[in-house]
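Structural features, examined
What follows is the residue order along each chain.
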Amino acid sequence: MMQQEEVKQFIIVAPASRKSEIAICRERLADYLARRFPRYAFDIAKLAPVQDEDHFIPIPVMSYRSPDGDSLMCKPVEKWVLNEIASACADFKPSVMSN
């Protein structure tokens, strides 16, 4: 039996209240998160949350391809990892970040 891989990528959905702010600095937020969490890759969603959420939502990309081409599921992500990523997103201040 093949061992499950860990999640390597997250899609970040910004809260509706910060959608416009985050839209203009998506790459900077992704870079900020990659530096804070070097074992993961991040993509910042262009869409707003379905509900009127007031916090960032990290969505783990849970599937990957095996060497045989099969689509497999990753190990579930620990809740504390999601909380840490969401907290780091909330701490992101584009106005004080430098390139």
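For the structure, check the block above.
This structure is a prediction, so every number in the text was calculated from the model and none was measured. (Residues numbered from 1 in each chain as written. Predicted model: local features only at pLDDT ≥ 70, side-chain atom pairs only at ≥ 80, totals over all residues. Heavy atoms only, no water.)

1. Describing the pairing of strand 1 (residues 9-13)
To be explicit about the condition: Each pair of strands is called paired provided DSSP finds at least two bridges between the two strands. Only DSSP runs of H or I covering at least 4 residues are called helices, and only runs of E covering at least 2 are called strands; the numbering of each starts at the N terminus.
Sheet topology places strand 1 next to strand 2 (residues 41-44); four bridges connect them, and they run parallel. What sits directly across from Ile12, in strand 2, is Ile44. In the sheet, strand 1 pairs with strand 3 (residues 57-60) via four bridges, with the strands oriented antiparallel. Residue pairing in the sheet places Ile12 in a bridge with Pro58 of strand 3.

2. Side note on the packing of helix 2 (residues 26-36) against helix 3 (residues 79-91)
How we decide: Fitted lines through C-alpha atoms serve as axes, helices being fitted only where they are in contact, and the angles separating the N-to-C directions of these axes extend from 0 to 180 degrees. Put simply, angles under 35 degrees are roughly parallel, angles over 145 are roughly antiparallel, angles from 65 to 115 are roughly perpendicular, and the rest are oblique. Take the far helix as the reference: if the near one is turned anticlockwise from it by less than a right angle, the crossing is left-handed, and if turned clockwise, right-handed. Only heavy atoms enter the contact rule, under which two residues are in contact if any of them lie within 4.5 Å. In this count, Pro and Cys sit with the nonpolar residues alongside Ala, Val, Leu, Ile, Met, Phe, Trp and Tyr, while Asp, Glu, Lys and Arg are called charged and the others, Gly among them, polar.
Close contact between helix 2 and helix 3 brings their axes to 10 Å; oriented N to C, the two are set at 130°. Taken together, helix 2 and helix 3 sit at an angle that is classed as oblique. Crossing handedness for the pair helix 2 and helix 3: right-handed. Where helix 2 abuts helix 3, its residues Tyr32, Leu33 and Arg36 lie against Ile85, Ala88, Cys89 and Asp91. Here the contact of helix 2 with helix 3 is composed, by residue class, of five nonpolar, no polar and two charged.

3. Some points on helix 2
What counts, and what does not: Summary of the burial criterion: residues with accessible area below 20% of their type's maximum are buried, those above 50% are exposed, and those between are partly exposed, where the area comes from a 1.4 Å probe applied to protein chains only. To obtain the arc, one takes the directions from the helix axis to the C-beta atoms.
Where helix 2 is concerned, the buried positions are Arg26, Leu29, Ala30, Tyr32 and Leu33. Across the axial projection of helix 2, the buried residues extend over an arc of 160°, all falling on one side. Among the exposed residues of helix 2, those pointing more than 90 degrees away from its buried face are Glu27 and Arg35. Here the buried face of helix 2 lies against strand 1, helix 1 (19-23), strand 2 and helix 3.

4. Comments concerning the nonpolar core
In plain terms, the rule: We call a set of buried Ala, Val, Leu, Ile, Met, Phe, Trp, Tyr and Cys residues a nonpolar core when their side-chain atoms join them within 4.5 Å.
Ranked by internal contacts, the top residues of the largest apolar core, which has 22 residues, are Phe10, Ile12, Leu29, Leu33, Phe42 and Ile85. For this core, the elements supplying multiple residues, two or more each, are strand 1, helix 2, strand 2 and helix 3. Excluding residues within four positions of it along the chain, Phe10 makes contact with Tyr40, Ala41, Phe42, Asp43, Pro58, Ile59, Pro60, Val77, Val81, Leu82 and Ile85.

5. Some details on the packing of aromatic side chains
Within a pair of aromatic rings, the relevant descriptors are the distance that separates the centres and the angle that separates the planes. Inclusion rule: Stacked, tilted and edge-to-face pairs are distinguished by plane angle, under 30 degrees for stacked and over 60 for edge-to-face with tilted covering the rest, among Phe, Tyr and Trp rings (Trp via its six-membered ring) whose centres lie within 6.5 Å.
Following the criterion strictly, the structure yields five aromatic pairs and no others. With a centroid separation of 5.0 Å and an interplanar angle of 90°, the aromatic rings of Phe10 and Tyr40 are classed as edge-to-face. Taken together, the positions of Phe10 in strand 1 and Tyr40 in the loop between helix 2 and strand 2 put the pair 30 residues apart, joining distant regions of the chain. Just as Phe10 is buried, Tyr40 falls in that class too.

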